[in-house]
Amino acid sequence: MLDVSFDIVEQYVRFPKIERREVQKILEWIRAQPHMPNLSEGEILIFYIACQCSSEMTKQVIDTNLTCHTHVDEFFNNLDPEYAAMERAMRVDAMFILPKLTPEGHRVTIGKLIDLNASNFNFADAIKLFVLLLDVFVREDDVRNGYRMVFDTSGVTLGHVARLGIMTMKKLIFYLQEALPVRLIGLHFINIVPFMDKILALMYPFMKKELVDMLYVHSNLDEFYKFVPKNILPGEIGGEELESAQLREICYDKVRSRRKEILEYEKLFRINEKIRPGKPKNSADLFGIEGNFKKLDID
């Protein structure tokens, strides 16, 4: 499994309002659930802070997260970093986490294209890579009280948009809203393409008001710098950090170095539906019937 490597005691010192006994109560609850794997106290603490210290919400989000791992094959099957599709995603997409925090202590993730050939782009594999990277990173980083996710659309063409897939988008939005192990406080798009409206049109039908309210489409970078300071950003967008291509390799090397744990994690970090109390769940319980989402027309 992917073990938590941060100092748990130190996290309670950083967040003095959190009562450790409340986190341990959730730990006891999880261990009493026959259908769930044994999560560590550190993993539960990550979710607990993401859920703003609500025990009931934490239980619900953990169950939903594990259920997604079990039933969303596009994002949570074949996680092996040496799997051909994952290696391709690493060549095509730059997914990385900035080394420095914002002044408010928020962590920033960035996603962008490196290979601009639309025929090489696979949306589901890009999301799989991003979610895996996040799952690895949050178990190593100190717990944060907020994440800003940034998508740089420079180089995106209508050919890429045609390959997004409505059902895959629905599953991504569901995961961001219902199952994310971190507290999302901002979803930012920068270097906007002229057809950004087509991308947003794929997203809006599945977004709750809370997510819409934290969605920012930045027409210029000066506006964006109010949320993410210029100096902590990659060099090619005016920052003082390394270039995106270098930052992604640092992150991908971290993923590759934990390959053995990831393979075990893929197998064990999921629900055993056969022994879930009550009715077992399946993909249709989460997303409905997929048949109506097969076709996407781009004008």
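Remember, predicted model here, so these are calculated numbers, not experimental data.

> Which residues make up helix H10 (residues 196–203), and what values do they have?
Within H10, the full set of buried residues consists of Met196, Ile199, Leu200, Leu202 and Met203. Across the axial projection of H10, the buried residues extend over an arc of 155 degrees, all falling on one side.

> Break down the pairing of strand E3 (residues 147–152) for me, with residues and values.
Each regular strand displays side chains that alternate between the two surfaces of the sheet. Among the 6 residues that make up E3, 5 are buried, leaving the element largely enclosed by the rest of the structure. Pairing between strand E2 (residues 107–113) and E3: 6 bridges, direction parallel. Within the sheet, the bridge partner assigned to Thr109 lies in E3 and is Met149. The parallel pair E2 and E3 is bridged by helix H7 (residues 123–138), and the resulting crossover is right-handed. Across 6 bridges, E3 lies against strand E4 (residues 184–190) in parallel orientation.

> Break down the confidence of the model for the chain for me, with residues and values.
Here the chain shows a mean pLDDT of 94. Residues at 70 or above account for 96%. Below a pLDDT of 50 lies the segment residues 291–299, which in the model reaches 15 contacts outside its immediate sequence neighbourhood of four places, other chains included.

> An account of the sheet that holds E3 is needed here, citing residue identities and associated values.
Spatially, E1-E2-E3-E4-E5 is the arrangement adopted by the 5 strands of the open sheet, whose pairing is mixed. Strands with a single pairing partner mark the edges of an open sheet, and in this sheet they are strand E1 (93–97) and strand E5 (215–217). Shown here is a sheet whose adjacent strand axes are inclined to one another by a mean of 15 degrees, direction ignored. Where helix H6 (residues 84–92) meets the sheet, it contacts E1 and E2, and its direction lies at approximately 80 degrees from that of E1.

> Pulling in residues and values, what's your account of the environment of Ser154?
You can see Ser154 is positioned in the loop between E3 and helix H8 (158–161). In this structure Ser154 comes out as partly exposed when scored by relative accessible area, which is 28%. Measuring from C-alpha to C-alpha, the distance between Ser154 and Tyr12 comes to 40 Å, with 142 residues separating the pair along the chain. Dropping the residues within four chain positions of it, Ser154 is found in contact with Lys112, Leu116 and Asn191.

> Pulling in residues and values, what's your account of empty space enclosed by the protein?
Applying the stated rule across the entire model yields 3 cavities of 30 Å³ or more. Lining the largest cavity are 25 residues, with Phe121, Phe123, Phe151, Leu164 and Phe189 positioned closest to its centre. Along the lines of polarity and charge, the residues of the lining of the largest cavity split into 19 nonpolar, 3 polar and 3 charged. Lining the second largest cavity are Ile46, Ile49, Ala50, Val138, Asp141, Asp142, Val143, Arg144, Tyr147, Pro181, Val182 and Arg183. The greatest single-element share of the lining of the second largest cavity, amounting to 3 residues, is contributed by helix H3 (residues 41–50). For the lining of the second largest cavity, the class distribution of residues is 8 nonpolar, no polar and 4 charged.

Reading guide: rules and limits
Within each chain, residue numbers correspond to sequence positions counted from 1 in written order. It should be noted that, the model being predicted, local features are given only for residues of pLDDT at least 70 and side-chain atom pairs only at 80 or more, the latter also being counted only at that level, while totals for whole chains, interfaces and linings use all residues. To obtain the side-chain values, all non-hydrogen atoms of the structure were included, while hydrogens and water were left out. Burial classes follow relative accessibility: with a 1.4 Å probe on protein chains only, a residue under 20% of its type's maximum area counts as buried, one over 50% as exposed, and anything between as partly exposed. Helix and strand labels come from DSSP, where a helix needs a run of H or I of at least four residues and a strand needs a run of E of at least two; each type is numbered from the N terminus. This arc is taken over the directions from the axis of the helix to the C-beta atoms. Pairing between strands is defined by DSSP: at least two bridges between them are needed. Note on handedness: a clockwise path from strand one over the helix to strand two, with the strands aimed away from the viewer, defines a right-handed crossover. The pLDDT score gives, residue by residue, the confidence of the prediction method on a 0 to 100 scale. Pairs of residues are marked as contacts when any of their non-hydrogen atoms sit within 4.5 Å. Axes here refer to lines fitted to C-alpha atoms; in helices the fit is confined to the stretch in contact. Angles between the N-to-C directions go from 0 to 180 degrees. Cavity: a set of points on a 1 Å grid over the protein atoms alone where a 1.4 Å probe fits but cannot get out. Pocket: an open set with protein on both sides within 12 Å along at least five of seven lines, its lining residues, like those of a cavity, having an atom within 4 Å of a point. Grid points are joined across faces, edges and corners, and a volume is the space filled by probe spheres set on the points. Here the nonpolar group is Ala, Val, Leu, Ile, Met, Phe, Trp, Tyr, Cys and Pro; Asp, Glu, Lys and Arg are the charged ones; every other residue, Gly included, is treated as polar.

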